[in-house]
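As a plain string of letters, each chain reads:
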Amino acid sequence: MSAGFTLAELLIVAASEAWRGNGEVLASGIGIVPRLGASLAKLTHSPELLLTDGEALLVEEPVPLGERGEFRPRAAGYLPYARVFDCVWAGRRHAMITPVQIDRFGQTNLSAIGEHARPKVQMLGMRGLPGNSISHPNSMFVPSHSRRVFVAGEVDVVGGVGYNPRRWPPGASARHLDLRYIVTELCVMDFGGHDHAIRVRSLHPGVTLAAVEAATGFPLEAPTPLATTAAPTREQLEIIRRLDPHDLRASVLKGNPPGSPARSAAPSA
Amino acid sequence: MPDKTLTAAGVVSALRDGMTLGIGGWGARRKPMALVRAILRSSLKDLTVVAYGGPDVGMLCAAGKVRRLIYGFVSLDAIAVEPWFRRAREAGAFEARELDEGLLQWGLRAAAMRVPFLPTRVGLASDVMTMNPEFRTVRSPYEDAEVLLAMPALHLDAALIHVDRADRLGNVQTLGPDPYFDELFARAATRCYASCESLGERLDLAHGEDARCNLIERSHISGVVAAPGGAHPTSAPPAYGWDLEHLKAYAALAAEEHGWQSYTRQYLAGDEREYLERVGGVARVGALPLPVL
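Note on numbering: residues in each chain are counted from 1, in written sequence order. To label them, take the chains in the order written and letter them from A, then take the ligands in the order written and number them from 1. Only residues with pLDDT of 70 or above have their local features reported here, since the model is predicted, and side-chain atom pairs are shown and tallied only from 80 upward, although totals for entire chains, interfaces and linings are computed over all residues.

## What about the overall build of chain B?
The test is simple: Secondary structure elements are taken from DSSP: a helix is a run of H or I of four residues or more, a strand is a run of E of two residues or more, and numbering for both begins at the N terminus. Two things to know: the radius of gyration comes from C-alpha atoms, and the globule rule equals 2.2 Å times the number of residues to the power 0.38. Exposed residues have 12 or fewer other C-beta atoms within 10 Å of their own C-beta, buried residues have 20 or more, and partly exposed residues fall in between, where C-beta atoms are placed from the backbone.
In terms of helices and strands, chain B carries 12 helices and 12 strands. Against the 2.2 N^0.38 benchmark of 19 Å for 293 residues, chain B shows a C-alpha radius of gyration of 19 Å, consistent with a compact globule. By principal-axis analysis of the C-alpha atoms, chain B measures approximately 60 × 50 × 40 Å. Out of the 293 residues belonging to chain B, those deemed buried represent 55%.

Right under this line is the structure:
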């Protein structure tokens with residue numbers, strides 16, 4: 001096994017940080033990197049998290065990705081979709097998904113590109129975005145940081161709601177709206193800027209703020225000096241490799257680049 | 001007691017043009033496809049379809065049966081976006097009423113409870129409000145005075161679900177790990193029809209130990225249809241998984257101009273018995289492995 005690490009592995013570690021200190025919430029990571037991030041969080045800093053087997057069972061041991069060989073999920077509890085919505089509406093969940101578009105307000109789109117009356121490209125639909133976003137903490141994973149994802153103006157269809165006062169009817173409550181992290185292949189961002197503006201938290205090794213700004217359709221806040229995203233430790237890498245025995249994470253980023261392009265990649269501890 | 005046994009064609013003959021039809025299951029999972037295929041073979045049209053959509057919705061769209069669609073998503077699971085739904089939607093072939101997934105069950109629940117609406121925050125500040133221009137808000141009559149969405153009841157003229165076991169009285173059992181919202185579809189509907197993998201005389205005598213798998217009282221079941229393999233090409237766990245090979249071929253046809261005619265000719269020309277033969281026989285369907293999720 002190589003002593004180095006890939007950028008995808010660094011992103012999994014960054015994603016896992018979203019669930020640190022969340023308490024006993026359902027950690028829903030949708031997609032390869034978010035799911036591995038949630039599993040890594042449970043196996044390292046936040047064992048109190050709840051995970052599912054990808055279907056209707058709650059498990060205490062994260063289920064590896066892909067064909068499982070001898071591994072059989074052991075059920076600690078039961079969470080069919082009907083109860084997922086109960087859990088969502090009660091706020092006891094933190095989801096990380098990959099929207100097709102994100103705007104400066106944190107509004108997200110998984111529904112369609114173009115006019116929703118007659119879309120140019122129909123995608124999945126609203127799915128659970130309106131309910132998730134208005135009920136519990138949410139984070140995002142973006143494997144291709146670009147102006148096509150981080151759009152100028154508003155997203156074409158608002159599925160996930162955000163900090164856009166013009167969208168909220170008078171008297172409605174945004175008190176459970178809680179957007180947390182955006183992990184991309186360039187950086188980690190949050191909503192800690194002025195009036196919940198999106199702010200760069202850390203840059204991945206070798207990435208400049210100018211590169212992030214050039215790939216974003218709206219202005220970003222950025223503290224100085226900017227931190228560098230933490231590299232995976234040996235322990236984290238071992239866990240990731242166990243959770244993803246078929247190396248599905250290698251398919252997330254084009255060319256599966258190394259995590260530390262500037263120097264010879266080596267884990268930090 | 002009445003014998004509720006019907007054929008799939010018998011179910012379709014009880015349906016009318018313009019009806020609102022709810023379809024149970026979720027994506028490519030536990031869809032009452034034998035009943036859907038019977039609709040595809042019929043002249044039924046102008047339907048309002050309410051579903052957590054999969055190939056049921058895609059095929060009804062492809063066949064031009066859908067006037068209005070009420071949905072949270074339409075997906076083949078392993079193929080993220082249902083390609084026939086996408087094609088129909090981009091062509092503006094039906095009226096789209098897109099909802100949050102949780103909102104859809106909330107509307108079914110309102111219908112089940114016979115109230116005009118149920119309040120929720122879900123949908124506010126999103127384009128659910130613009131895609132459903134008839135939706136209204138309500139102000140809480142209590143001290144908080146919070147403004148909420150009044151999710152209107154989604155009344156169904158009929159619901160179609162697929163179960164593992166049924167008996168002639170209308171008792172049903174669903175053995176899979178997730179029953180999805182089949183219960184609410186049944187409760188929201190004036191009449192509910194269940195296709196089943198196996199039909200027996202008396203579930204109490206044969207499988208009483210599985211009574212907790214009974215999702216809905218038989219008073220909500222108007223008809224039961226024996227349809228082994230009837231969820232194909234979707235999954236019916238624990239009996240069988242989805243048929244990915246079939247779903248891929250079906251999806252690929254959406255890119256062809258006369259793709260739906262090809263699919264119809266190849267699979268829907270005969271009756272259900274013939275359909276099962278054409279997809280490899282009921283033994284092959286029964287042996288399809290459960291998907292790893």
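Right, picking up where we left off after that structure.
## Thoughts on the interface of chain B and chain A
Basically, it comes down to this: In this description, any two residues whose backbone-derived C-beta atoms lie within 7 Å of each other are considered to be in contact. In this classification, the charged set is Asp, Glu, Lys and Arg, the nonpolar set is Ala, Val, Leu, Ile, Met, Phe, Trp, Tyr, Cys and Pro, and all remaining amino acids, among them Gly, are polar.
Facing 40 residues of chain B, the contacting portion of chain A comprises 39 residues. For the side of chain B that touches chain A, the secondary structure elements donating two or more residues are β4 (66–74), α4 (83–90), α5 (101–112), α6 (128–131) and β7 (136–139) of chain B. Looking at side-chain class alone, the side of chain B that touches chain A contains 21 nonpolar, eight polar and 11 charged residues.

## Let's talk about the domain arrangement of chain B
Our working rule: The domain boundaries here were taken from an automatic or database domain assignment.
Domain boundaries assigned for chain B yield domain 1 (5–99 + 155–282) and domain 2 (116–152). The C-alpha-based centres of domain 1 of chain B and domain 2 of chain B are spaced at 31 Å.

## Topic: the packing of helix α2 (residues 32–43) of chain A against helix α6 (residues 234–243) of chain A
All names here are of chain A. Which entries qualify depends on this criterion: For helices, the fitted line uses only the C-alpha atoms of the stretch in contact; every axis is such a line through C-alpha atoms, and the angle between N-to-C directions lies from 0 to 180 degrees. Under this scheme an angle from 65 to 115 degrees is roughly perpendicular, one under 35 degrees roughly parallel, and one over 145 degrees roughly antiparallel; angles in between are oblique. In this scheme, a crossing is called left-handed if the near helix is turned counterclockwise away from the far one by less than a right angle; it is called right-handed if the turn is clockwise.
In contact at an axis separation of 10 Å, α2 and α6 are set at 125° when each is read in the N-to-C sense. Considering the angle they form, α2 stands oblique to α6. The interaxial crossing formed by α2 with α6 has right-handed handedness. The segment α2 lies against α6, with Leu36, Ser39, Leu40 and Leu43 engaging Gln236, Ile239, Ile240 and Leu243. Its residues placed into classes, the contact of α2 with α6 shows six nonpolar, two polar and no charged.

## Quick look at the packing of helix α3 (residues 55–62) of chain B against α4(B)
All names here are of chain B. Here α3 crosses α4 at 45°, and the two axes come no closer than 7 Å. As judged from the angle between their axes, α3 and α4 are oblique. Crossing angle aside, the handedness with which α3 passes α4 is left-handed. When α3 is examined against α4, the residues Val57, Gly58, Met59, Cys61 and Ala62 are found in contact with a partner set consisting of Trp84, Phe85 and Ala88. Looking at the contact of α3 with α4 residue by residue, the class counts come to seven nonpolar, one polar and no charged.

## What about the confidence of the model for chain A?
For clarity, the cut-off: The predictor attaches a confidence to each residue, called pLDDT, with possible values from 0 through 100.
In the predicted model, chain A carries a mean pLDDT of 95, and the fraction of residues at 70 or more is 96%. Contacts of residues 263–267 of chain A to residues separated by more than four positions or lying in other chains number 14 contacts, the stretch itself having pLDDT below 50.

## Some words on the sheet that holds β7(B)
All names here are of chain B. Quick note on the threshold: We treat two strands as partners when DSSP finds at least two bridges between them.
With respect to topology, three strands assemble into an open sheet ordered β6-β8-β7, the strand pairing being antiparallel. At either margin of the open sheet sits one strand with a lone partner, and together these are β6 (117–120) and β7. Taking the axes of each pair of neighbouring strands and ignoring which way they run, one obtains an average angle of 40° across the sheet. Bridge analysis of β6 against strand β8 (residues 147–152) gives four bridges, and the strand direction is antiparallel. In the strand pairing of β8, leucine 118 is matched with methionine 151.

## Observations regarding the sheet that holds strand β5 (residues 93–97) of chain A
Residues and elements named next belong to chain A. Strand order in the open sheet formed by seven strands is β1-β5-β10-β11-β12-β13-β14, with mixed pairing between adjacent strands. If you trace the sheet from one side to the other, it starts and ends with β1 (26–29) and β14 (227–228), each paired once. Where β1 lies against β5, four bridges are found, and the strand directions are parallel. Counted as the bridge partner of alanine 27 is histidine 94 from β5. Across the sheet, helix α1 (residues 7–16) lies against β1, β5, β10 (138–142), β11 (179–184) and β12 (187–190), angled at about 175° from β11, the strand it touches most. Against the sheet, α2 touches β1, β5 and β10, its axis set at about 150° to β1.

## A word on α5(B)
All names here are of chain B. Rule in force here: To estimate how far a helix should extend, the number of its residues minus one is multiplied by 1.5 Å.
The first and last C-alpha atoms of α5 sit 17 Å apart over 12 residues, in line with the 16 Å expected at 1.5 Å per residue. The buried count for α5 comes to 11 of 12 residues, which makes it a mostly enclosed element. A positive backbone phi angle near 60° is found at arginine 114, which sits one or two residues after α5.

## Overview of the environment of His204(A)
Mapped onto the elements of the fold, His204(A) is located in the loop between β13 (199–203) and α5 (209–214). It is 5.7 Å that separates the C-alpha atoms of His204(A) and Leu186(A), two residues lying 18 residues apart in sequence.

## Observations regarding the pairing of β4(B)
Quick reminder of the rule: Seen with its strands pointing away from the viewer, a crossover is right-handed when the path leading from the first strand over the helix to the second is clockwise.
Counting buried residues in β4(B) gives seven out of nine residues, a clear majority hidden from the surface. Considered for its hand, the β-α-β crossover made up of strand β3 (residues 47–53) of chain B, α3(B) and β4(B) is right-handed.

## Overview of helix α9 (residues 244–253) of chain B
All names here are of chain B. Definition in use: Directions drawn from the helix axis to the C-beta atoms are what define this arc.
Here α9 has its buried residues at Leu247, Tyr250 and Ala251. Here the buried residues of α9 occupy an arc of 100° about the axis, which is enough to place them on one side. Those residues of α9 that are exposed and aimed more than 90 degrees away from the buried face are Glu245 and Ala252. Along its buried surface, α9 packs onto α3, α4 and α10 (259–268).

## Some remarks on unusual backbone geometry
The peptide bond linking Thr224(A) to Pro225(A) adopts the cis configuration, its omega dihedral lying at -10°. Of note, the bond from His232(B) into Pro233(B) is cis; its omega dihedral lies within 30 degrees of zero at 5°. With respect to the element layout, Pro233(B) can be found in the loop between β12 (221–226) and α9. We note that Asp195(A) has phi near 55°; this positive angle belongs to a residue other than glycine. Along the chain, the position of Asp195(A) falls in the loop between β12 and β13. In this structure Asp195(A) comes out as exposed when scored by C-beta crowding, with 8 C-beta atoms within 10 Å.

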